[in-house]
Number of protein chains: 2
Amino acid sequence: MNIDMIRAAAARLDGHARRTPLLGSPFLDEIAGRRVLVKSECLQHTGSFKYRGARAALTALDPATRARGVIAFSSGNHAQGVALAARELGVAALIVMPSDAPKLKIANTRALGAEVVLYDRATEDRDAIGARLAGERGLTLVKPFDEPEVIAGQGTVGLEIAAQAAAMGIERAEVLVPCGGGGLTSGIALALEAEAPGFRVRPCEPEGFDDTRRSLAAGEIRTNAQMTGSICDAIVTPSPGKLTFPIMHRLCGPGLAVSDDDCLHAMALAFTRLKIVIEPGGAVALAAALWHGDDLTRETAIVVASGGNVDAALFREALERFG
Amino acid sequence: MNIDMIRAAAARLDGHARRTPLLGSPFLDEIAGRRVLVKSECLQHTGSFKYRGARAALTALDPATRARGVIAFSSGNHAQGVALAARELGVAALIVMPSDAPKLKIANTRALGAEVVLYDRATEDRDAIGARLAGERGLTLVKPFDEPEVIAGQGTVGLEIAAQAAAMGIERAEVLVPCGGGGLTSGIALALEAEAPGFRVRPCEPEGFDDTRRSLAAGEIRTNAQMTGSICDAIVTPSPGKLTFPIMHRLCGPGLAVSDDDCLHAMALAFTRLKIVIEPGGAVALAAALWHGDDLTRETAIVVASGGNVDAALFREALERFG
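Note that this is a predicted model, so its numbers are computed, not measured.

(A) Quick look at unusual backbone geometry. The residue Lys-275 of chain A is not glycine, and still its phi comes out positive at about 65°. By the secondary structure assignment, Lys-275 of chain A is in the loop between α12 (260-274) and α13 (284-291). Of note, Thr-46 of chain B is a non-glycine position whose phi angle comes to about 65°, a positive value. Here Thr-46 of chain B is to be found in the loop between β2 (35-40) and α3 (50-60).

As structure tokens, this is what we get:
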């Protein structure tokens, strides 16, 4: 896992992934007490950064393997990223999704051309279902984060941040990244190590699901006590990955944790001040920059808004309470 | 008024105005029955394209004149654009706003450093107030649309559309533009005449406030029967301008008119599929592309989403009804 893989992924994504804008507002700067810039990956294809890693992974497969098709487990953003990348490359995608996943995400994944197999989280074994289907059809598994080519794809966000910040004359910054399994966070950290050594990555998580923050503090992998109960569904994972954790441990500053209400408030402010739609899990970094500034140390905070796939009802609630 | 003025404005805006992304979604293409690309000017500074014309106009003034300050009449987007451009250039801005303008827009304009003078639409004469204050202080009036340098600034949207579409290999398209007084529409039409002759501009308006559509059909300026009663407040003007109408008459195809409900529905789809926030007046072009496709003639519709300054309550209504 190194910078050359990220650069190679960027070359394969060129002309396919969107170079998302780095947005800001004087009104957000005033709240945060520092300059805040928002890397708006909610504007990426399929509404999240996951498309990058999916397309990077699929284009890294040898053609014969890829032609047999791919399989992924996901309740949401990774599913849509793999489905779109597979469709673009003309290969079959089978996505194993929990039957209680948001209906819109299931419908979107199907509409993007993937075959969706639903399973019951309470009674069925996802891995067994996946292994059986993969074996029968010769499908290749595309893991959501603990996979070098996926990390390389997500790392292209870091290359873009480095270039966009350099164009603005920014040499030192903290880069706050929503962190689930750590694919995006570790990829960005590797990219910035090479391209913007004055930048430091800070992983951000929901309170009570701060496995990465605790793992970084302990120096070894820690696990969340529970897997449900956060509105930040997209970034709730049991623990950081075996590949991603050592990278984060080597390169990242301490983790930050924010409340669900902080996320809803950040979503409402992104609506009012930036005109972008962020989902709760995608808003943890912005929330940390706005209301945990005492834990930051640099004049500029670059935050990644990692996705925007939020149900209308929850977005309305955010606007009603904080708009 | 010519393409050289637009190119000069683009040079003055370089590094200041955002080059906003051209977004799309297969889900929108399916509804429209053609390819739809959205030039997302809601992501521009101050949440609308108006910043471009304001900064272009202010930077075109000779320094001594500019140093005395500027004045503008506006209930919203033009006010914020002028306020920000003036602050960036270090000159005073006085904005005359109706006392019933949205509180958020008044607050934003003040927060951007402008002095705001409120007047009562029912009992006071805006022009008399403005003329008195401008005379006392030597301020220069920045008109909202019927002003060559403002048209040139808005025309930079057209230059970007031409370049972004060319990079995607698009040679023929209709370009749907929300139209109030016609500054944005005429500026884009002039830019595309020079840079993308296979493109044709179509002005879009709310039903019942389709002065430009009727003017184009009649070959002379027509006026709206009323000035209130649309949710598309940002683009309700009495008539197209004396400068903008001849340009639109020479270069634009027939106008399109959409209902308020079409706008709300388009706003909800932009939320779900593009993750951007559009205000009602900024959504008329997207609404026309989605539901008036029978009136279009080309395979690709490029629509301008001209602004995103919508109150949370109205956005929640759009999501509740159409999300």
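(B) Up close: helix α11 (residues 244-251) of chain A. All names here are of chain A. Looking only at α11, the buried set comprises Thr-244, Phe-245, Ile-247, Met-248 and Leu-251. One side of α11 carries all its buried residues, which in axial view fall inside an arc of 165°. Where α11 is buried, its residues meet α8 (148-167), α9 (183-195), β8 (199-206) and α10 (211-218).

(C) Region of interest: the packing of aromatic side chains. Under the criterion given, the structure shown has five aromatic pairs over all chains. Summarising the aromatic geometry, the rings of Phe-271 of chain A and Phe-315 of chain A are spaced 6.3 Å apart at their centres and angled 70° between planes, so their arrangement reads as edge-to-face. Within this pair, whereas Phe-271 of chain A is found in helix α12, its partner Phe-315 of chain A is found in helix α14 (residues 312-322), the two being separated by 44 residues in sequence. A relative accessible area of 0% places Phe-315 of chain A in the buried class. Ring geometry for Phe-315 of chain A against Phe-271 of chain B: centres 5.0 Å apart, planes inclined by 55°, an arrangement best described as tilted. Of this pair, Phe-315 of chain A sits in helix α14 while Phe-271 of chain B sits in helix α12 (residues 260-273), which puts the two residues in different chains.

(D) Spatial organisation of the pattern of salt bridges. Residue and element names in this part refer to chain A. What the rule picks out here adds up to 42 salt bridges over all chains. Notably, a salt bridge pairs Glu-220 with Arg-222, separated by 2.7 Å at the nearest N-O pair. The exposure class of Glu-220 is partly exposed, given its relative accessible area of 43%. What emerges from the salt-bridge pattern is a single network uniting Lys-39, Glu-41, Arg-52 and Glu-160.

(E) Summary view of the relation of the copies chain B and chain A. Overlaying chain B on chain A yields an RMSD of 0.0 Å, the required transformation being a rotation through 180° with an accompanying axial translation of 0.0 Å. The superposition of one copy onto the other is thereby described by a two-fold rotation axis. Taking the C-alpha atom as reference, chain B places Ile-276 of chain B closest to the rotation axis, 2.3 Å from it. A high fraction, 100%, of the interface residues of chain B reappear at the interface in chain A, so the copies pair face to face through one surface.

(F) Representation of the nonpolar core within the structure. Counting 84 residues, the largest nonpolar core has Ile-276 and Phe-315 of chain A together with Ile-276 and Phe-315 of chain B as the members making the most contacts within it. Beyond its immediate sequence surroundings of up to four residues, Phe-315 of chain A is in contact with Met-267, Phe-271, Val-277, Ile-278 and Val-310 of chain A together with Phe-271, Phe-315 and Leu-319 of chain B. Core analysis: the second largest hydrophobic core is formed by 37 residues, Phe-49, Ala-165, Ala-191 and Ala-196 of chain A among them.

(G) Layout of the domain arrangement of chain A. Residues and elements named next belong to chain A. As assigned here, chain A comprises domain 1 (3-49 + 147-322) and domain 2 (51-141). The interface of domain 1 with domain 2 comprises 26 residues on the first partner and 15 residues on the second. Note on domain 1 versus domain 2: buried area summed over both sides is about 1,600 Å², and carbon and sulfur give 53% of it. In this structure, the connection of domain 1 to domain 2 is made through three salt bridges. The tally of links between domain 1 and domain 2 comes to 13 residue pairs in polar contact (both at pLDDT 80 or more). Among the secondary structure elements, those contributing two or more residues to the side of domain 1 that touches domain 2 are α1 (3-13) and α8.

(H) Representation of the side chain of Thr-212 of chain A within the structure. All names here are of chain A. Note on placement: Thr-212 falls in helix α10. For Thr-212, a relative accessible area of 0% translates into the label buried. When sequence neighbours within four positions are dropped, the list of residues in contact with Thr-212 reads Cys-179, Gly-180, Pro-203, Glu-205, Pro-240 and Met-248.

(I) Geometry of the packing of helix α5 (residues 77-89) of chain B against helix α6 (residues 103-111) of chain B. Residues and elements named next belong to chain B. Where α5 meets α6, the axes come as close as 9 Å, and the angle between the chain directions of the two elements is 10°. The angle between the axes of α5 and α6 places the two elements in the roughly parallel class. On the side of α5, the interface is formed by Asn-77, Ala-79, Gln-80, Ala-83 and Arg-87, while α6 contributes Lys-105, Asn-108, Thr-109 and Ala-111. Classifying every residue of the contact of α5 with α6 by side-chain character gives three nonpolar, four polar and two charged.

(J) Local environment of the sheet that holds β8 of chain A. Residue and element names in this part refer to chain A. Strand order across the open sheet formed by six strands is β1-β2-β10-β7-β8-β9, with mixed pairing between neighbours. Of all strands in the sheet, those with a lone pairing partner are β1 (22-23) and β9 (256-258), marking the two edges. Sitting on the sheet, α10 touches β8 and β9, and the angle it makes with β8 is about 125°.

(K) Examining the interface of chain B and chain A more closely. Taken residue by residue, the interface counts 32 residues in chain B and 32 residues in chain A. It is Phe-271, Lys-275 and Arg-316 of chain B that lose the most area in chain B upon contact with chain A, and together they represent 27% of the buried surface on that side. Linking chain B with chain A are two salt bridges. Where chain B packs against chain A, one counts 10 residue pairs in polar contact (both at pLDDT 80 or more).

(L) Spotlight on the side chain of Arg-52 of chain A. All names here are of chain A. Its location among the elements puts Arg-52 in helix α3 (residues 50-60). In this structure the side chain of Arg-52 is engaged in a polar contact, spanning 2.9 Å, whose partner is the side chain of Glu-160. Excluding its chain neighbours within four sequence positions, the residues that come into contact with Arg-52 are Leu-13, Ala-17, Arg-18, Thr-20, Lys-39, Glu-41, Gln-44, Gly-153, Gln-154, Thr-156, Val-157 and Glu-160.

(M) Fine view of the environment of Glu-279 of chain B. Residues and elements named next belong to chain B. By the secondary structure assignment, Glu-279 is in the loop between α12 and α13 (284-291). For the pair formed by Glu-279 and Phe-315, sequence separation is 36 residues and the distance between their alpha carbons is 8.0 Å. If we ignore the near neighbours within four places in the chain, the residues touching Glu-279 are Gly-47, Asn-77, Lys-105, Ala-234, Met-267, Gly-307, Gly-308, Asn-309 and Val-310.

(N) Examining the pairing of strand β10 (residues 300-305) of chain A more closely. All names here are of chain A. Most of β10 sits out of view: six of its six residues are buried. Bridge analysis of strand β2 (residues 35-40) against β10 gives six bridges, and the strand direction is parallel. Counted as the bridge partner of Val-36 is Ala-301 from β10. Relative to β10, strand β7 (residues 173-178) is paired through three bridges, and the arrangement is parallel.

(O) Summary view of the pairing of strand β8 (residues 199-206) of chain B. Residue and element names in this part refer to chain B. Here β8 lies mainly inside the structure; seven of its eight residues are buried. Note that strand β7 (residues 173-178) and β8 share six bridges and pair parallel. When the sheet's bridge partners are listed, Val-177 is paired in β8 with Pro-203. Regarding the hand of the β-α-β motif, the stretch spanning β7, helix α9 (residues 183-195) and β8 is right-handed. Sheet analysis places β8 next to strand β9 (residues 256-258), joined by three bridges and oriented parallel. Of the residues in β9, the one forming a bridge with Cys-204 is Leu-256.

Parameters at a glance
Residues numbered from 1 in each chain as written. Chains lettered and ligands numbered in written order. Predicted model: local features only at pLDDT ≥ 70, side-chain atom pairs only at ≥ 80, totals over all residues. Heavy atoms only, no water. Helix = DSSP H or I, 4+ residues; strand = E, 2+ residues; numbered from the N terminus. Buried < 20%, exposed > 50% of the residue type's maximum accessible area, 1.4 Å probe, protein only. Arc of directions from axis to C-beta. Contact = heavy atoms within 4.5 Å. Phe/Tyr/Trp six-rings, centres within 6.5 Å; stacked < 30°, edge-to-face > 60°. Salt bridge = Lys/Arg side-chain N within 4 Å of Asp/Glu carboxyl O. Least-squares fit on C-alpha atoms with pLDDT ≥ 70 in both. Core = buried A, V, L, I, M, F, W, Y, C linked by side-chain atoms within 4.5 Å. Domains from an automatic or database assignment. Buried area = accessible area lost by both parts, 1.4 Å probe. Polar contact = N/O pair within 3.5 Å; in protein donor to acceptor, adjacent residues only side chain to side chain. Axes fitted to C-alpha atoms, helices over the stretch in contact; angles between N-to-C directions. Parallel < 35°, antiparallel > 145°, perpendicular 65-115°, else oblique. Nonpolar A, V, L, I, M, F, W, Y, C, P; charged D, E, K, R; others polar. Pairing = 2+ DSSP bridges. Right-handed = clockwise from strand over helix to strand, strands pointing away.

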